[in-house]
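An overview of the molecular structure
Read off the chains here:
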Amino acid sequence: VNKTNPGDRMTMFSKLLLGIVLSFATNLAMSIEASDKVKVTPLLKTQETWDGKPIVYPTGKAEITGMLIEVAPGGETGWHLHPVPSFGMVMEGELEVELKSGKTRVMKAGESVAETVNELHNGRNKGSVPVKLLVFYAGDTELPLTIKELPQH
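Keep in mind that what you see is a predicted model, and the values were worked out from it rather than measured. (Residues numbered from 1 in each chain as written. Predicted model: local features only at pLDDT ≥ 70, side-chain atom pairs only at ≥ 80, totals over all residues. Heavy atoms only, no water.)

**Remarks on the nonpolar core**
In terms of nonpolar packing, the biggest core is built from 14 residues, with Trp50, Leu95, Val97, Met107, Val131, Leu133 and Tyr137 touching the most fellow members. For this core, the elements supplying multiple residues, two or more each, are strand S4 (94–99) and strand S8 (131–140). Not counting residues up to four positions away in its chain, the partners in contact with Leu133 are Met67, Leu68, Ile69, Met89, Val90 and Leu95. (Core = buried A, V, L, I, M, F, W, Y, C linked by side-chain atoms within 4.5 Å. Buried < 20%, exposed > 50% of the residue type's maximum accessible area, 1.4 Å probe, protein only. Helix = DSSP H or I, 4+ residues; strand = E, 2+ residues; numbered from the N terminus. Contact = heavy atoms within 4.5 Å.)

Spelled out as structure tokens, the structure:
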């Protein structure tokens, strides 16, 4: 007769589950290493946003959000800021991003960037083709991903 209590069985189950997860994670990590059959191309490795500020993760319940953002020719994002870190890659087109300070950066297809955090900025598509941005936010379930600038009265 098995005389273990339900708590002991749950602990054993948790340890087994953890072992399986760690084994899977280890195998997954090894499977993404470069080889003759797998090409690994680093896109970005940084501790700073593109305007030189340190990246700081929010506290709270972590939430990762991925988006494909499209800006039509002549279109603008409007002045906004992100209270959480984000990483983006221009998939198509060319986007000019301007900070309130006047500092600008032009991002072209294939470029990756760590976006500004808590810094008002506006993106403009000055080209003739749509801009497609793939963006991932490292957020917090309690924080918005974007805050639009309030109109000045």
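**Looking at the pairing of strand S5 (residues 104–108)**
Looking along a regular strand, one sees the side chains alternate between the two faces of the sheet. As defined by bridge partners, S4 adjoins S5 across 5 bridges and the pair is classed as antiparallel. Counterpart to Glu96 in the pairing with S5 is Val106. Count of turn residues in the S4/S5 antiparallel hairpin: 4 residues, of which Gly102 carries a positive phi of about 100°. (Pairing = 2+ DSSP bridges.)

**Points about the environment of Tyr137**
Residue placement: Tyr137 occurs in strand S8. For Tyr137, a relative accessible area of 3% translates into the label buried. For the pair Tyr137 and Ile64, spaced 73 residues apart in the sequence, the C-alpha separation amounts to 5.6 Å. Among residues more than four places away in sequence, those in contact with Tyr137 are Glu63, Ile64, Thr65, Met67, Ile69, His82, Val84, Pro85, Ser86, Glu115, Leu145 and Thr146.

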